[in-house]
Amino acid sequence: MRRPGPLSALRILFAALLLSLGIALAPPASAAPPVRIMPLGDSITGSPGCWRALLWNQLQSTGYTNIDFVGTLAQQGCGQSFDGDNEGHGGELVTNVANQNLLPARLASTRPDIVVMHFGTNDVWSDIAPDRILAAYTTLVGQMRASNPDMKILVAQLIPMTPANCAPCAQRVVDLNARIPAWAQATSTSRSPVTVVDQWTGFATATDTYDGVHPSDPGNAKIAARWYPALTAHLVQGDPGDPGDPTTCAATFRAVSSWQGGYQGEVTVTNTSASPVTGWTATVVPGTGARITQAWNGTLTTAADGTATVVNASWNGALAPGASATFGFIASTPGTPSATATCTARTS
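Undergrad: I would appreciate a short explanation of the confidence of the model for the protein in the present structure.
TA: Caution applies to low-pLDDT parts of the model: their predicted coordinates are not meant to be read in detail. Summing up the model confidence of the protein, the mean pLDDT is 86 and the portion of residues at 70 or higher is 88%. Across the protein, the element-wise mean pLDDT spans from 42 in helix α1 (residues 6-20) up to 98 in helix α4 (residues 94-99). Within the model, the stretch residues 1-30 combines pLDDT values under 50 with five contacts to residues more than four positions away or in other chains.

Laid out in structure tokens, this is it:
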């Protein structure tokens, strides 16, 4: 029989002493597993997809460090260190990925918690109808939820495209993007929300792409900046298991209905911490040119640039861990309904 070494003997003696005093040894605390984020799409995401590098480093520098970008493809340059794993396959059509059942194996090998999807550019280029593209989106969402019933899904309204050999492509992107919010509203669930991220507004192919399709450095910066608030709404800064962490919350936006020149929106605020909160404040940034004109189930303040702040009402501020509150609003807009929402929580 192997005899314990001096250090092992000391540990055994220390444990016996604690037990004699009635003190149990606690198991070592385990760090919370990182949130696994899959960037999903075509070459705009994958090759080299330098918006991923900018997004990764912005997340790291602002305290969102307990994350892991995942995918079956590896980093492809970009001149800076980052987690380059991704699922951006150059030339792929989202309709082919759905029809050929390609996503389940990729999900099984990477197990994401959140999917960040900019997908459909090649379908638009191939003159595939929006109905078929959205049907493919629905198929992929079903496969994501089969992989993880709590999947959080961020879906982009595509960046503009003006390739030299496809004059109709510019309008085709507009037509598809106009359909995405209603599709997302019908597809989203409280357990697995689908959040629309407007990557189209304010993106100019003349300055933000190098070929009318693929983003240049300014375009990559714009894409990363649009993903950031929508993604951080589902993340906790630092290690959520550490004592003393701030109480956190998440805010998700959806368009309830729309009409010419305006829409009704809804924001759900969720206490994502392990502690109860006594109140919350949500910040809503509507899409370019939009402005929130009224809100209910909260007190609205609107800044000169259109950014809206909504503070909880007296009856919906207290949230137990995991509980949610919802407020609604009316906004004027010259285009497709879109907004990003974030929140902060109060404990006293």
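Undergrad: Please explain the state of the cysteines as it appears in this structure.
TA: Covalent bonding between the sulfur atoms of two cysteines is what defines a disulfide. Overall, the coordinates contain three disulfides when judged by the stated rule. The partner cysteine of Cys249 in its disulfide is Cys343, sulfur to sulfur 2.2 Å. Residue Cys249 is found in strand β7 (residues 249-259), and its partner Cys343 is found in strand β14 (residues 339-346); the two are separated by 94 residues along the sequence. Taken as a pair, Cys249 and Cys343 share a single burial class, namely buried. Each bonded cysteine of the protein gets a number by its place in the sequence, and the pairs then read 1-2, 3-4, 5-6.

Undergrad: Is there a simple way to think about the sheet that holds strand β10 (residues 291-296) in this case?
TA: With respect to topology, four strands assemble into an open sheet ordered β7-β8-β13-β10, the strand pairing being antiparallel. Strand pairing shows two members of the sheet lacking a second neighbour, β7 and β10, which therefore form its edges. Averaged over all neighbouring strand pairs, the angle between strand axes comes to 25°, with direction disregarded. In this sheet, strand β8 (residues 262-271) lies alongside β7 in antiparallel orientation, the contact comprising ten bridges.

Undergrad: For this particular structure, what's the right way to read the environment of Gly77?
TA: As for its placement among the helices and strands, Gly77 is situated in the loop between β2 (67-69) and β3 (87-88). Looking at Gly77, the relative accessible area reads 35%, which means it is partly exposed.

Undergrad: How should I be thinking about helix α5 (residues 103-110) in this particular structure?
TA: Since one α-helical turn is 3.6 residues long, residues separated by three or four positions face the same way. Three or more residues of α5 are buried, namely Leu103, Arg106, Leu107 and Thr110. Seen from one end, α5 has its buried residues packed into an arc of 100°, which puts them on one side. Seen from the open side of α5, the exposed residues pointing more than 90 degrees away from its buried face are Ala105 and Ala108. In this fold, the buried residues of α5 make contact with β1 (35-41), β3, α4 and α7 (130-147).

The rules we used
- All residue numbers refer to positions counted from 1 along the written sequence of the respective chain.
- Only residues with pLDDT of 70 or above have their local features reported here, since the model is predicted, and side-chain atom pairs are shown and tallied only from 80 upward, although totals for entire chains, interfaces and linings are computed over all residues.
- The side-chain numbers reported here are obtained from all heavy atoms of the structure, hydrogens and water having been left aside.
- pLDDT gives the predictor's per-residue confidence on a scale running from 0 to 100.
- The helix and strand labels rest on DSSP assignments: H or I over at least four residues marks a helix, E over at least two residues marks a strand, and numbering proceeds from the N terminus.
- The contact definition used throughout considers only heavy atoms, calling two residues in contact when any of these lie within 4.5 Å.
- When two cysteine sulfur atoms lie within 2.5 Å, the pair is treated as a disulfide.
- Residue burial is assigned from relative accessible area. The probe radius is 1.4 Å, only protein chains are included, and a residue is buried under 20% of its type maximum, exposed over 50%, and partly exposed in between.
- By the convention used here, strands pair only if DSSP detects at least 2 bridges between them.
- A fitted line through C-alpha atoms serves as each axis, taken over the contacting stretch for helices, and the angle formed by two N-to-C directions is quoted from 0 to 180°.
- It is the directions from the helix axis to the C-beta atoms whose arc is reported.

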